[in-house]
Amino acid sequence: MRADARRNLGKIVTAAAEAIAERGVNVPMEVIARRAGVGVGTLYRRFPDRHALIAAIGEHYVHTMTEALDTATAEHGDAWSAIRAFVSWASEPGRTALSTALADLPDEVIVGRAEFRRAREEWVERLDHLVRRAQADGSMRADVGVDDLVHLLNVFTCHPGHLPAPVAADPGRYLGLMLDGMRSGVPNS
């Protein structure tokens, strides 16, 4: 792919992710093209339909999650601090709006695609490695696994509309409380 085509692709995917986070998955393609600074023809040459564009956004999103996890791991000396930093990053409002919009789509649009599955598996493996490090150093409960953390993220980032009103009013507080429950030293239920 030529350098200018690669730049346009990146601009389109980024603009589409932002527009979908703000306006939902049915945002007009013309709005996305304008926001990306490309013509509608350029957008449609790269993405022949909305499903192809949304699939690319899903893949971009999970790659971004992997990069954020790597950044949190590099910036924090201990595994537990890296986990908290990553979860805080993932639950920021702009990201939750995008993940909510993507989560409401049928599985075949994103989740069923091979590239998305591979990228998600890589992200989960890295998160699992971090969870195991936190457990090994005694900062995370041994009975909490990566699936528990993924489910927690799923609830707070993909389905915040299903949270009870008091939790939805202050999701950061409740997410923090739930994370605190995953730390070691907290009695098992």
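Draft legend 1. Fine view of the environment of Glu30. Position of Glu30 among the secondary structure elements: in helix α2 (residues 29-36). For Glu30, a relative accessible area of 40% gives the class partly exposed.

Draft legend 2. Structural detail: the packing of helix α4 (residues 50-75) against helix α7 (residues 114-136). Two numbers describe how α4 lies on α7: the axes approach to 9 Å, and their chain directions differ by 20°. Between α4 and α7, the interaxial angle falls into the category roughly parallel. Seen from above, α4 lies across α7 with left-handed handedness. Residues Gly58, Glu59, Val62, His63, Met65, Thr66, Leu69, Asp70 and Thr73 of α4 touch α7, and the partners they reach there are Glu115, Phe116, Ala119, Arg120, Glu122, Trp123, Arg126, Leu127, Leu130 and Arg133.

Draft legend 3. Molecular detail of the packing of aromatic side chains. Considering all chains together, one arrives at two aromatic pairs under this definition. Ring centres of Phe86 and Trp89 lie 6.1 Å apart, and the angle between their planes is 25°; this geometry places the pair in the stacked category. With a gap of three residues between them, Phe86 and Trp89 both fall in helix α5 (residues 79-90), about one helical turn apart. Seen in terms of ring centroids, Phe86 and Trp123 are 6.2 Å apart; in terms of plane orientation they differ by 50°. Their pairing is tilted. Taken together, the residues span a long stretch of sequence, with Phe86 in helix α5 and Trp123 in helix α7 at a distance of 37 residues. When its relative accessible area of 6% is taken as the criterion, Trp123 is described as buried. Site record: aromatic cluster; members linked through ring pairs are Phe86, Trp89 and Trp123. Over the ring of Phe47 we find Arg46, and its NZ or CZ is 5.4 Å from the ring centre. The cationic tip of Arg173 hangs over the ring face of Tyr174; the distance from NZ or CZ to the ring centre is 5.2 Å.

Draft legend 4. Molecular detail of the packing of α5 against helix α8 (residues 146-158). In contact at an axis separation of 10 Å, α5 and α8 are set at 25° when each is read in the N-to-C sense. Classed by the angle they form, the pair α5 and α8 counts as roughly parallel. Handedness of the α5/α8 crossing: right-handed. Residue-level inspection shows Ile83, Phe86, Val87 and Ala90 of α5 in contact with α8, the latter providing Leu149, Leu153 and Thr157.

Draft legend 5. How the structure looks around helix α10 (residues 171-180). Of all the positions in α10, only Leu175, Gly176 and Leu179 are classed as buried. Along α10, the residues classed as buried sweep out an arc of 100° about the axis, all on the same side. On its buried side, α10 packs onto α5 and α8.

Draft legend 6. Focus on the nonpolar core. Counting 62 residues, the largest nonpolar core has Leu53, Ile57, Ile83, Phe86, Trp123 and Leu149 as its most contacted members. For this core, the element with the most residues is α4, which contributes ten residues. Each residue touching Trp123, except ones within four places of it in the same chain, is listed here: Val62, Met65, Thr66, Leu69, Phe86, Val150 and Leu153.

Draft legend 7. How the structure looks around the pattern of salt bridges. This model, assessed by the stated rule, comprises eight salt bridges. Residue Arg132 is joined to Asp128 by a salt bridge in which the shortest nitrogen-to-oxygen separation is 2.8 Å. With Arg132 and Asp128 both in helix α7 and four residues apart, the pair spans about one turn of that helix. Here Arg132 falls in the exposed class, since its relative accessible area comes to 52%. Each of Glu18, Glu22 and Arg35 takes part in a single network of salt bridges with overlapping partners.

Draft legend 8. Fine view of α7. Between its terminal C-alpha atoms α7 stretches 33 Å, which fits the 33 Å expected from 23 residues at 1.5 Å a residue. For α7, the complete set of buried residues consists of Phe116, Ala119, Trp123, Val124, Leu127, Asp128, Leu130, Val131 and Ala134. Buried residues belonging to α7 abut α4, α5 and α8. Of the residues one or two after α7, Gly138 is the one with positive phi, at around 85°.

Cut-offs used in this document
- Each chain carries its own residue numbering, running from 1 in the direction its sequence is written.
- At least 70 in pLDDT is required for a residue's local features to be given in this predicted model, at least 80 for side-chain atom pairs to be given and counted, and no such filter applies to totals for whole chains, interfaces and linings, which use all residues.
- Side-chain figures throughout are based on the complete set of non-hydrogen atoms in the structure, without hydrogens or water.
- Secondary structure is summarised from DSSP: a helix means a run of H or I of at least four residues, a strand means a run of E of at least two, and numbering begins at the N terminus for each.
- Buried means the residue's accessible area, taken with a 1.4 Å probe over protein chains only, is under 20% of the maximum for its type, while exposed means over 50%, and partly exposed covers the values in between.
- Helix axes are fitted only over the stretch in contact, all axes being lines through C-alpha atoms; the angle between N-to-C directions runs from 0 to 180 degrees.
- In this scheme, roughly parallel covers angles under 35 degrees and roughly antiparallel covers those over 145, while 65 to 115 is roughly perpendicular and the rest are oblique.
- In this scheme the crossing of two helices becomes right-handed for a clockwise turn of the near helix relative to the far one and left-handed for an anticlockwise turn of less than a right angle.
- Throughout, a contact is declared for two residues whenever any of their heavy atoms are within 4.5 Å.
- Only the six-membered ring of Trp is used, alongside the rings of Phe and Tyr, when aromatic pairs are assigned; centres must lie within 6.5 Å, and planes under 30 degrees apart are stacked while those over 60 apart are edge-to-face, with the rest tilted.
- Charge-over-ring placement is defined geometrically: NZ (Lys) or CZ (Arg) within 6 Å of the ring centre, and within 35 degrees of the ring normal.
- Directions are taken from the helix axis to each C-beta atom, and the arc is the one they span.
- Residues belong to one nonpolar core when they are buried, are Ala, Val, Leu, Ile, Met, Phe, Trp, Tyr or Cys, and are joined through side-chain atoms within 4.5 Å.
- In the sections that follow, a salt bridge refers to a side-chain nitrogen of Lys or Arg positioned within 4 Å of a carboxyl oxygen of Asp or Glu.
- Working rule for helices: expected span equals 1.5 Å times residues minus one.

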